[in-house]
Amino acid sequence: MMKRKFFLLIFSGCLSAIAFAQDAGSLLQKVRDKLNKVNDYEATGRMKTNVSFLKVPEADVKVYFKKPDNLRIKNEKGISLVPKGAVSISLNNLLKGNYTALDAGSDVIDGRKIKIIKLLPVDENADIVLSTFYVDESRLLVLKAKTTTRESGSYEVEMNYGKYADYALPDKMVFTFNTKDYKLPKGITFDYDDGSKKKTENNVNSNKGRVEISYSAYIINKGLPDSVFK
Amino acid sequence: MFTLLQIELFKIFKRPRTYISFAAIAAMILIIQLGLKFDGKSYLQLLMSGISDSFYVPYDMILNGYLVAFVILNTLLIQVPLLIALVAGDVIAGEANMGTLRLLVTKPVSRTELMLAKYAASVVYTVLLLIWMALLALFLSMLFFGTNDMLIARNDSMEQISKNDILWRYIAAFGYAAVALSTVAALAFLLSVFAENSIGPIVSTISVVVVLTILSEMKIPLYDNTVKPYLFTSHMLAWKGFFYSKANSDGQAIRGSVENLPAILRSLGILLSYIVLFVSSAIIVFRKKDILS
């Protein structure tokens, strides 16, 4: 009798785990379906880059996307240094391919109930080791995604939605990424030393970069030529 | 005074050696431009090595006329003092060597006026050389390479300046460089008073500039806080300060700003003090000098 109860317990445990897994998987599928409503877009935005060793002005940028995973950030009036991960770690990229989705619990962000889902790639050699999605269940929107990669450290994308929420397109996106130390020999730069106090040790060694894009307008599903992404 | 200046300028520009500097600058600038036109990407890859792992670097956009001009000035403003010494070191000693100095001081002008006119002529030559350099380094590069935002590599950071925020910085930098090079002219002018032929002051000026530049560029704590702040060569690179912007609290570069304007003005003041010191010393020595040549 005791033995039967034990098996029932194990069996029900396994069933609930599978049910949760399916729940996470189906939620992600719904999110993916929502993302799939957008075939292409052209967005206008303003980009702010905050990296300890980079001093760049705010830039007006255009962001182009076309299915399946073409993404391009362009500064029409000048130069913008775009973090590599901001393009390769887009939501469409993260949600494509084979993975196992695991329910990692719930949380509340800005008063909204959030489902936390972890994505493990099936391919053992994939560059992405683990992704964690914070999904707004009621609106089917990804509010935050954390990604750990094998080669390039970890990334974090945070998104705020507004008038384009129906297309799962954010009004503001904040991308946080790892940076390496920057140092060039004085023999190359002939830098001018004005004798002022240099940056604090904390700033110099800060190895986190942050790029923020505030979108002002989207043109959705109007078609984009492939030449934009070359 | 103006007539004296005209006569001195006539003498300077009558000598073929004056034009060596203009030809040398043109040759150096064209060589650098040509090199960067054909293999600029390799140079940029070296400069951008610290960020190319984390960022997409649009090399073809970064290699533009403004950056090329900056690279040229970075290289040339270390060599140009030598060309300035070539003329400024000759203004008195050259006349002494030719035996025309004694004749010159018999004219009904004061020795002070004569010296000021000679120094002013050296400064005019310096400014003309810089204008020539600006035409070739900046405007020719803009023509060859186009324009875009400018990225400047520093020892521990990288600066980006919007293309519509650059030109005034170049004007300010060339203005500053004119003062910096006039300091070298003043030194050569001072040394010229003591010599009977121009080789001595030219070589001496070059030697002083080279030795002091090495001292200024070396990172040795013994010199950093003792000697370096007082060497004029430590302040000659301050023209670059016009290309460093201030950042706001979010780390964004502020358009139209200069990171440390007081430091640049302080450096400018030190250079002007050196000019006053060198030129007035030259005048005092020359006024008391028994001219036998």
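Colleague: For the overall build of chain A, give the residues involved together with the corresponding values.
Modeller: Of regular secondary structure, chain A possesses 5 helices and 12 strands. Relative to its full complement of 230 residues, chain A shows a buried share of 42%. Considering only residue pairs separated by 6 or more positions, chain A has 54% of its internal contacts joining residues 24 or more positions apart. Accessible surface for chain A amounts to roughly 12400 Å². Of this, 53% is attributable to carbon and sulfur atoms.

Colleague: Requested: an account of the overall build of chain B, with residues and values cited.
Modeller: The helix and strand tally for chain B stands at 11 helices and 3 strands. Each helix (α) and strand (β) of chain B, taken in turn from the N terminus, gives the series α-α-β-α-α-α-α-α-β-β-α-α-α-α. In terms of overall size, chain B behaves like a compact globule, its C-alpha atoms giving a radius of gyration of 21 Å where 293 residues would be expected to give roughly 19 Å. Seen along its three principal axes, the alpha-carbon backbone of chain B occupies a region of about 70 × 40 × 30 Å. Across the 293 residues in chain B, those meeting the buried criterion constitute 55%. Counted over contacts in chain B with a minimum sequence separation of 6, partners at least 24 positions apart contribute 77%.

Colleague: How would you summarise the interface of chain B and chain A if you had to cite specific residues and measurements?
Modeller: Across the boundary between the two partners, chain B contributes 51 residues, which contact 40 residues of chain A. Taking both sides of the interface into account, the surface hidden between chain B and chain A amounts to around 4300 Å²; carbon and sulfur atoms contribute 52%. When the buried area of chain B at its contact with chain A is split by residue, Phe55, Tyr56 and Asn155 of chain B rank highest and sum to 18% of it. At the junction of chain B and chain A, the tally comes to 3 salt bridges. Between Lys48 of chain A and Asp250 of chain B there is a salt bridge, and its shortest N-O distance comes to 3.1 Å. Linking chain B with chain A are 17 residue pairs in polar contact (both at pLDDT 80 or more). Broken down by secondary-structure element, the contributors of at least two residues to the side of chain B that touches chain A are helix H2 (16-47), strand E1 (55-56), helix H3 (59-62), helix H4 (65-88), strand E2 (150-153), strand E3 (158-161) and helix H11 (261-288) of chain B.

Colleague: Which residues make up the confidence of the model for chain A, and what are the values?
Modeller: Residues and elements named next belong to chain A. Mean pLDDT over chain A works out to 80, with 82% of the residues at or above the 70 mark. At the low end of the mean pLDDT range in chain A sits helix H5 (residues 201-205), at 47; at the high end sits strand E1 (residues 40-50), at 92. Across residues 200-205 the pLDDT falls below 50, and counting only partners more than four positions away or on other chains, this stretch makes 3 contacts in the model.

Colleague: Before we move on, can you summarise helix H7 (residues 111-145) of chain B with the specific residues and values?
Modeller: For H7 of chain B, spanning 35 residues, the distance from its first C-alpha to its last is 49 Å, which sits close to the expected 51 Å at 1.5 Å a residue. At the C-terminal side of H7 of chain B, Gly146 of chain B shows a positive phi close to 75°.

Colleague: Could you give me a rundown of a nonpolar patch on the surface, with the residues and numbers involved?
Modeller: Residue and element names in this part refer to chain B. There is a patch of nonpolar side chains on the surface, built from Val127, Leu128, Ile131, Leu135, Phe139 and Leu167 and spanning about 480 Å² of accessible area. By residue number, the principal contributor to the nonpolar patch is H7, which donates 5 residues. Its place among the elements puts Ile131 in helix H7. By relative accessible area, which is 45% here, Ile131 ends up partly exposed.

Colleague: Quick rundown of the sheet that holds strand E12 (residues 208-220) of chain A? Include the residues and the values.
Modeller: Residues and elements named next belong to chain A. Here we have 10 strands laid out as an open sheet, ordered E4-E3-E1-E12-E11-E10-E9-E8-E7-E6, and antiparallel in their pairing. Taken across any chain shown, the strands that pair with only one partner, and hence form the sheet edges, are strand E4 (70-75) and strand E6 (99-109). Taking each pair of neighbouring strands and ignoring which way they run, the sheet shows an average axis angle of 20°. Strand direction decides the pairing type here: strand E7 (residues 112-121) and strand E8 (residues 128-136), joined by 6 bridges, are antiparallel. Note that in E8 the partner of Ile117 across the bridge is Phe133.

Colleague: Mind laying out the sheet that holds E3 of chain B, listing which residues take part and the relevant values?
Modeller: Pairing within the open sheet is mixed, and its 3 strands lie in the order E2(A)-E3(B)-E2(B). Every other strand in the sheet has two partners, leaving strand E2 (54-55) of chain A together with E2 of chain B as the edge strands with one partner each. Pairing geometry for E2 of chain B and E3 of chain B, over 4 bridges, is antiparallel. Note that in E3 of chain B the partner of Ile152 of chain B across the bridge is Glu159 of chain B.

Colleague: Kindly report on unusual backbone geometry, identifying the contributing residues and their values.
Modeller: All names here are of chain A. A cis amide bond links Lys67 with the next residue in sequence, Pro68, at an omega value of 5°. Relative to the helices and strands, Pro68 resides in the loop between strand E3 (59-66) and E4. A positive phi angle, near 60°, is found at Ala168, a position not held by glycine. Owing to a relative accessible area of 7%, Ala168 belongs among the buried residues under this scheme. Unusually for a residue other than glycine, Asn221 sits at a positive phi of about 55°. As for its placement among the helices and strands, Asn221 is situated in the segment after E12. Note on Asn221: relative accessible area 31%, which makes it partly exposed.

Colleague: Could you give me a rundown of the nonpolar core, with the residues and numbers involved?
Modeller: Of all hydrophobic cores here, the largest spans 163 residues; its most connected members are Tyr41 of chain A together with Met150, Tyr170 and Phe232 of chain B. If one sorts the elements of this core by residue count, helix H8 (residues 167-193) of chain B sits on top with 17 residues. Ignoring sequence-local partners within four residues, the contact set of Met150 of chain B consists of Tyr66, Leu67, Phe70, Glu159, Gln160, Ile161, Ile166, Tyr170 and Phe243 of chain B.

Colleague: So, the environment of Ser138 of chain A: which residues are in play, and what are the values?
Modeller: Counting through the fold element by element, Ser138 of chain A comes out in the loop between E8 and strand E9 (141-149). The spatial distance from the C-alpha of Ser138 of chain A to the C-alpha of Val122 of chain A is 28 Å, given a sequence separation of 16 residues.

Colleague: Which residues make up the packing of aromatic side chains, and what are the values?
Modeller: Within this structure, the stated rule accounts for 23 aromatic pairs over all chains. For the ring pair Phe70 of chain B and Trp239 of chain B, a centre distance of 5.6 Å and an interplane angle of 55° mean the geometry is tilted. Within this pair, whereas Phe70 of chain B is found in helix H4, its partner Trp239 of chain B is found in the loop between helix H10 (221-224) and H11, the two being separated by 169 residues in sequence. Residues Phe70 of chain B and Trp239 of chain B agree in their burial class; the two are buried. Over the ring of Tyr167 of chain A we find Lys37 of chain A; its NZ or CZ atom is 5.8 Å from the centre of that ring. Seen from the ring of Phe286 of chain B, Arg111 of chain B lies directly overhead, with NZ or CZ sitting 5.5 Å from the centre.

Criteria and thresholds
Residues numbered from 1 in each chain as written. Chains lettered and ligands numbered in written order. Predicted model: local features only at pLDDT ≥ 70, side-chain atom pairs only at ≥ 80, totals over all residues. Heavy atoms only, no water. Helix = DSSP H or I, 4+ residues; strand = E, 2+ residues; numbered from the N terminus. Buried < 20%, exposed > 50% of the residue type's maximum accessible area, 1.4 Å probe, protein only. Contact = heavy atoms within 4.5 Å. Areas by Shrake-Rupley, 256 points an atom, 1.4 Å probe, with all protein chains shown as cover. Rg over C-alpha atoms; globule rule 2.2 N^0.38 Å. Buried area = accessible area lost by both parts, 1.4 Å probe. Salt bridge = Lys/Arg side-chain N within 4 Å of Asp/Glu carboxyl O. Polar contact = N/O pair within 3.5 Å; in protein donor to acceptor, adjacent residues only side chain to side chain. pLDDT = per-residue confidence, 0-100. Expected span 1.5 Å × (residues − 1). Patch = residues over 30% accessible without salt bridge, like charges linked within 9 Å, V, L, I, M, F, W, Y side chains within 5 Å. Pairing = 2+ DSSP bridges. Axes fitted to C-alpha atoms, helices over the stretch in contact; angles between N-to-C directions. Core = buried A, V, L, I, M, F, W, Y, C linked by side-chain atoms within 4.5 Å. Phe/Tyr/Trp six-rings, centres within 6.5 Å; stacked < 30°, edge-to-face > 60°. Lys NZ or Arg CZ within 6 Å of the ring centre and 35° of its normal.

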